[in-house]
Amino acid sequence: MGEFAIETYDLTKCFGELVAVDHINFKVKYGEIFGFLGPNGAGKTTTINCLITLLQPSEGTAIVAGYDIIKEPDAVRASIGVIPQEVALESRLTARENLEFHAELYHVPRAEYSRLIPELLDLVQLGDRANDIIRTFSSGMKRRLEIAKAFLHQPKLIFMDEPTLGLDVQTRQVIWKYIHSLREKGVTIFLTTHYMEEADALCDRIAIIDNGRIIALGTSSDLKNKIGKGTVIDIKISGPAEAFVKAVKDLDHIPIMVNQDTIHLVAANGEQLIPKLIHIAEKTGVSINSIGMYEPTLEDVFIHYTGRRIREEGPEIRKILRR
Amino acid sequence: MRVWIKESPFFGVLRVLIFPFIWLGIFGHAFGGTIDHVPIALVVEDTGLHANEFINLLQSGKAIEITANTNYAHALNLLKNGEVTAVIIIPPDFSKNLDKRKTASIQLIIDNTVLMTAMTITSYLDAVQKAFDKQVTVNFIIQENPQTSASFLANPTEIHENILYARGIRYFDYLAPGVIIMCLIFSAVFSGGLGLVMDRLFGTLRTLMVAPITRAAIILGKTSAGVTQTIIAGFVALFVAILMGARIKISLLGFSLIFLVITITSIAFIGMSVAFGTRIKEFEQFPLVMIMVVIPTWFLSGALYPIQSMPSWMKPLAAINPLTYSVDALRAVILRGVIWSALVLDLVIISGFALLMFIIGTLAFKRTIE
């Protein structure tokens with residue numbers, strides 16, 4: 001067993017003209033939780049599908065759990081666990097039957113899985129629902145069962161594609177807890193997400209992916225430090241924004257982003273900047289509705305590299321630090 | 001191009017146009033046609049003049065085709081194996097009796113399993129007999145004074161009919177095996193490949209594809225699940241047929257053979273359905289394609305009406321149709337009983353088709369999601 005659970009070498013996947021994954025290179029160490037963070041359509045699922053041998057790369061290759069995904073797909077499949085984006089349980093079977101079926105698929109001996117199944121069901125808090133039909137389960141319960149399923153054949157490496165997609169905050173936190181407990185058992189986890197707080201809460205290292213390319217890679221704090229030590233300031237204004245924005249840009253050569261009436265900027269010395277901003281506002285005749293100041297998030301990292309938000313469609317829940 | 005095919009109403013229109021052509025083409029010709037060229041074996045034990053005259057008359061129409069001119073034992077064997085539908089025997093004293101002005105007899109041994117075909121032979125033979133009687137009578141009147149007895153002139157020949165298989169069969173009995181096969185294949189085509197299509201739709205197929213199992217195992221799994229359902233469907237149909245009064249030769253060996261035919265046919269058509277399921281990605285397309293395949297297959301199998309009644313362009317289609325052999329085998333077991341020599345060819349062909357479909361299904365099933 002080498003040092004790395006996953007190594008990719010110029011992994012590329014094209015669908016006709018579209019380059020979904022573009023010469024990606026990264027390495028995942030054994031025992032870490034590695035996250036792929038990026039907006040929808042960035043190439044996260046395509047990358048996972050290549051790594052779990054469901055897609056043949058157009059170019060390049062990857063070594064997963066020590067095996068080449070092109071030359072030894074069977075060995076790769078035998079060494080990994082996969083939690084798909086969509087729940088893939090047999091809805092007419094019970095929780096226990098689903099796990100038994102899965103164990104048989106992975107050639108887990110009966111004696112072993114009959115011992116493991118109650119344990120795993122307890123771990124995901126479904127012990128009392130073991131004999132209930134899946135159709136009666138909530139989506140959070142199904143997702144938890146998927147996690148139990150992936151762990152059944154005790155793989156050293158588990159792939160999770162958007163493990164908490166569409167789940168409510170409470171369920172999401174429960175699942176995060178399970179993912180952490182898997183890591184404590186020494187399992188390497190590769191996950192994709194477009195929730196930046198999920199990447200922040202779970203991952204040891206994060207690769208930010210956009211348009212099929214990795215644009216930044218490192219620990220959460222590494223990535224945040226890369227955009228400059230400092231704070232993020234969001235100002236909501238009303239009035240002639242153009243003049244205000246121009247004046248702010250002239251002020252300190254700070255990279256800023258304007259989103260409707262909100263101006264977003266990262267500054268090393270935020271505390272001293274605020275009085276200046278108020279001054280500019282007075283001069284240009286805009287009124288400031290609110291000023292928010294907080295530590296940078298991965299979202300800000302993404303904005304820094306792409307000029308866009310990860311999710312353009314709605315606001316993220318942010319932990320705003322009031323000083 | 002692909003977008004155009006998907007968006008264009010052209011293919012919808014084509015489908016709507018093609019269906020009536022196929023249906024009418026097949027339904028319009030698959031039954032109700034004239035039955036001709038029915039294979040029979042001829043045993044001529046008389047070398048006399050009258051025998052020759054009779055044979056010439058027998059060959060003048062196209063209802064029957066003498067496929068073997070042989071001895072009694074061989075002819076009977078051909079009948080037993082289902083290679084001919086009837087044996088016509090002209091006994092040694094045929095010409096001699098006629099010359100002595102005694103009634104001469106012709107023997108007909110017939111297999112009634114394919115009712116309509118058997119009826120064609122008997123009515124054709126009737127017509128031949130009438131023509132021959134008339135000819136003989138006229139000849140005799142020319143040859144000599146009409147002093148011969150009136151009884152002889154009324155009946156120069158007589159036919160001794162001997163029904164070897166399926167005595168007293170009705171159309172209902174003929175149809176029953178065909179309908180059992182119909183229930184079977186309709187269950188088969190929807191329980192095999194549809195599972196695969198549904199699994200792809202619900203994402204469970206991905207789980208199977210990333211599991212460390214072979215492609216053949218996935219195809220075999222889908223096939224055996226479907227076969228279980230289909231065998232049950234076949235047996236339910238069999239018992240309903242029995243309840244409704246269909247004639248079935250009952251024996252333990254017979255039932256085992258019915259089971260065998262039903263099982264192999266299930267495997268074959270589940271295999272076909274799974275093979276389609278590996279490539280049809282759209283859920284709505286699957287039933288459509290299966291209906292387009294399975295209905296003509298059934299109508300071309302001789303399940304409803306004998307293949308001999310089909311027009312000549314359709315007969316080769318029936319001959320290459322694997323279902324023809326299933327229907328033939330099931331009908332043979334149910335109506336004629338266990339005659340191995342008549343079943344072997346059928347069983348080999350259906351098994352071969354089953355194996356072929358399994359191989360195609362396994363090869364067509366790609367391990368990727370592209």
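Since the model is a prediction, treat every value here as computed from it, not as a measurement. Residue indices begin from 1 for each chain and proceed along its sequence in written order. Whichever chain is written first is A, and whichever ligand is written first is 1; the rest continue in order. Totals for whole chains, interfaces and linings use all residues, but because this is a predicted model, local features are given only for residues with pLDDT of at least 70 and pairs of side-chain atoms are given and counted only at 80 or more. Side-chain figures throughout are based on the complete set of non-hydrogen atoms in the structure, without hydrogens or water.

### Some details on helix α5 (residues 139-151) of chain A
When the terminal C-alpha atoms of α5 of chain A are compared, their 19 Å separation across 13 residues agrees well with the 18 Å that a helix rising 1.5 Å per residue should span. With a 1.4 Å probe rolled over the protein chains alone, any residue whose accessible area is under 20% of its type maximum counts as buried; one over 50% counts as exposed, and the rest are partly exposed. Only DSSP runs of H or I covering at least 4 residues are called helices, and only runs of E covering at least 2 are called strands; the numbering of each starts at the N terminus. With 11 of 13 residues buried, α5 of chain A is to be regarded as a mostly interior element. Turning to α5 of chain A, its buried residues are G140, M141, R143, R144, L145, E146, I147, A148, K149, A150 and F151 of chain A. Every residue pair with non-hydrogen atoms within 4.5 Å of one another is taken to be in contact. At its buried positions, α5 of chain A is contacted by β7 (80-83), α3 (95-105), α4 (110-123), β8 (157-161) and α6 (169-184) of chain A together with α10 (204-210) of chain B. Working rule for helices: expected span equals 1.5 Å times residues minus one.

### As for a nonpolar patch on the surface
Residue and element names in this part refer to chain B. Two joining distances apply to patches: 9 Å for like charges and 5 Å for nonpolar side chains (Val, Leu, Ile, Met, Phe, Trp, Tyr), and every residue must have over 30% relative accessible area and no salt bridge. Using the Shrake-Rupley algorithm and a 1.4 Å probe, accessible areas are obtained, with residue cover drawn only from the displayed protein chains. Salt bridges are counted wherever a side-chain nitrogen of Lys or Arg sits within 4 Å of a carboxyl oxygen of Asp or Glu. On the surface, a cluster of nonpolar side chains totalling about 620 Å² of accessible area is made up of F172, I232, V236, V240, L243 and M244. The element best represented in the nonpolar patch is helix α11 (residues 215-243), accounting for 4 residues. Take V240: its relative accessible area is 40%, and that puts it in the partly exposed class.

### Topic: the sheet that holds strand β15 (residues 287-294) of chain A
Residue and element names in this part refer to chain A. Read across the sheet, 4 strands follow the order β13-β14-β12-β15 without closing on themselves; strand pairing throughout is antiparallel. At either end of the open sheet lies a strand with only one pairing partner, and these are β13 (256-259) and β15. With direction set aside, neighbouring strand axes in the sheet form an average angle of 20°. Both β13 and strand β14 (residues 262-267) contribute to a ladder of 4 bridges, which runs antiparallel. Bridge assignment links N259 to a residue of β14, and that residue is T262. Across the sheet, helix α10 (residues 270-284) lies against β12 (231-238), β14 and β15, angled at about 170° from β15, the strand it touches most. Any two strands between which DSSP finds at least two bridges are classified as paired. Orientation is described by axes fitted as lines to C-alpha atoms, over the contacting stretch for helices, and by angles from 0 to 180 degrees between their N-to-C directions.

### Let's talk about unusual backbone geometry
Residue and element names in this part refer to chain A. Unlike most non-glycine residues, A65 shows phi in positive territory, near 55°. Tracing the chain through its elements places A65 in the loop between β5 (59-64) and β6 (67-68). Here the phi dihedral of H107 falls at roughly 55°; this positive angle occurs in a residue that is not glycine. Topologically, H107 is positioned in the loop between α3 and α4.

### Re the domain arrangement of chain B
Residue and element names in this part refer to chain B. Where each domain begins and ends follows an automated or database-derived domain assignment. What the domain assignment lists for chain B is domain 1 (38-165) and domain 2 (170-364). Each of domain 1 and domain 2 was reduced to a C-alpha centroid, and the two centroids are 41 Å apart. Facing the 13 residues of domain 1 at the interface are 13 residues of domain 2. Note: buried area is the sum, over both parts, of the accessible area (probe 1.4 Å) each one loses when the two are combined. Both sides together, the interface formed by domain 1 and domain 2 hides about 1,100 Å², and carbon and sulfur atoms give 67% of it. Where domain 1 touches domain 2, the interface holds 1 salt bridge.

### What about the packing of aromatic side chains?
Each aromatic ring pair is characterised by the separation of its centres together with the angle its planes make. Note on ring pairs: Phe, Tyr and Trp rings are taken, using the six-membered ring of Trp, and paired if centres are within 6.5 Å. Classes follow the plane angle, with under 30 degrees stacked, over 60 edge-to-face and the rest tilted. Taken as a whole and judged by the stated rule, the model has 16 aromatic pairs over all chains. Where F34 of chain A meets F190 of chain A, the ring centres are 5.9 Å apart and the plane angle is 15°; that geometry is what we call stacked. With F34 of chain A in strand β4 (residues 33-37) and F190 of chain A in strand β9 (residues 188-193), this pair connects stretches of sequence that are 156 residues apart. We note that F34 of chain A, like F190 of chain A, is buried. Put simply, the rings of F26, F34, F36, F159 and F190 of chain A pair up and form one aromatic cluster. A ring has a charge above it when a Lys NZ or an Arg CZ is no more than 6 Å from the ring centre and no more than 35 degrees off the ring normal. Between R331 of chain B and the ring centre of Y174 of chain B, over which it is positioned, the NZ or CZ distance is 3.7 Å.

### Some details on the packing of helix α15 (residues 322-336) of chain B against helix α16 (residues 340-364) of chain B
Residue and element names in this part refer to chain B. Here α15 crosses α16 at 145°, and the two axes come no closer than 9 Å. Seen from above, α15 lies across α16 with left-handed handedness. Residues P322, Y325, S326, D328, A329, A332, V333 and R336 of α15 form the contact with α16, whose own contacting residues are A342, L343, D346, I349, I350 and F353. Looking at the contact of α15 with α16 residue by residue, the classes come out as 10 nonpolar, 1 polar and 3 charged. Definitions for this section: a left-handed crossing has its near helix turned counterclockwise from the far helix by less than a right angle. A right-handed crossing has that turn clockwise. Residues were grouped as follows: Ala, Val, Leu, Ile, Met, Phe, Trp, Tyr, Cys and Pro as nonpolar; Asp, Glu, Lys and Arg as charged; and all remaining residues, including Gly, as polar.

### As for the sheet that holds strand β1 (residues 38-44) of chain B
Residues and elements named next belong to chain B. Taken in spatial order, the 5 strands of this open sheet run β2-β1-β3-β4-β5, and their pairing is mixed. This sheet does not close on itself; its edge strands, each paired only once, are β2 (64-69) and β5 (157-165). Here the average twist between neighbouring strands, direction ignored, is 25°. With 8 bridges joining them, strand β4 (residues 104-111) and β5 adopt parallel strand pairing.

### A word on the confidence of the model for chain B
Any residue range with low pLDDT should be treated as having predicted coordinates unsuitable for detailed reading. All names here are of chain B. For chain B, per-residue confidence averages 86 on the pLDDT scale, and 92% of positions sit at 70 or higher. Confidence of the predictor at the level of single residues is captured by pLDDT, which takes values from 0 to 100. In the model of chain B, helix α1 (residues 2-7) stands out as the element of lowest mean pLDDT, 50, in contrast to strand β3 (residues 86-90), which has the highest, 94. This model gives residues 1-5 a pLDDT under 50, and the stretch forms 3 contacts once residues within four places in sequence are excluded.

### A word on the interface of chain B and chain A
Each side of the interface is counted separately: chain B has 16 residues, and chain A has 21 residues. Buried area between chain B and chain A, both sides added, is near 1,600 Å², and the carbon and sulfur share of it is 62%. The interface formed by chain B and chain A includes 0 salt bridges. Residues adjacent in sequence count toward polar contacts only when both atoms are side-chain atoms; beyond that, a polar contact is any pair of N or O atoms within 3.5 Å, and within protein one must be able to donate a hydrogen and the other to accept it. Where chain B packs against chain A, one counts 3 residue pairs in polar contact (both at pLDDT 80 or more). Those elements giving two or more residues to the side of chain B that touches chain A turn out to be α9 (193-202) and α10 of chain B. Top element by residues in the side of chain B that touches chain A is α10 of chain B. It accounts for 6 residues. Partitioned by chemical class, the residues of the side of chain B that touches chain A number 8 nonpolar, 4 polar and 4 charged.

### Comments concerning the pattern of salt bridges
Opposite charge on two side chains lets them pair, provided their charged atoms get close. Residue and element names in this part refer to chain B. By the definition in use, this model includes 16 salt bridges over all chains. Of the charged contacts in the structure, one is a salt bridge between D173 and R170, with a shortest N-O distance of 2.8 Å. For D173, a relative accessible area of 0% translates into the label buried. Residue classification places R170 among the partly exposed positions, given a relative accessible area of 42%.

### With respect to the layout of surface pockets
Only protein atoms enter the 1 Å grid used here, on which a cavity is any set of points holding a 1.4 Å probe that cannot leave and a pocket is any open set flanked by protein within 12 Å on both sides along at least five of seven lines; residues with an atom within 4 Å of a point are listed as lining. Grid points are joined across faces, edges and corners, and a volume is the space filled by probe spheres set on the points. Here the largest pocket is characterised by a volume of approximately 960 Å³. Forming the boundary of the largest pocket are 35 residues, of which G82, E83, I307, Q308 and D328 of chain B lie nearest the centre. Broken down by secondary-structure element, the contributors of at least two residues to the lining of the largest pocket are β2, α14 (315-320), α15 and α16 of chain B. Across the lining of the largest pocket, the residue classes break down as 14 nonpolar, 12 polar and 9 charged. Counting contributing residues, the lining of the largest pocket receives three or more from each of domain 1 (38-165) and domain 2 (170-364) of chain B. Here the second largest pocket defines a volume of roughly 810 Å³. Forming the boundary of the second largest pocket are 27 residues, of which E90 and R92 of chain A together with D199, T204 and K222 of chain B lie nearest the centre. Of all the secondary-structure elements, those providing two or more residues to the lining of the second largest pocket are α3 of chain A together with α8 (171-191), α9, α10 and α11 of chain B.

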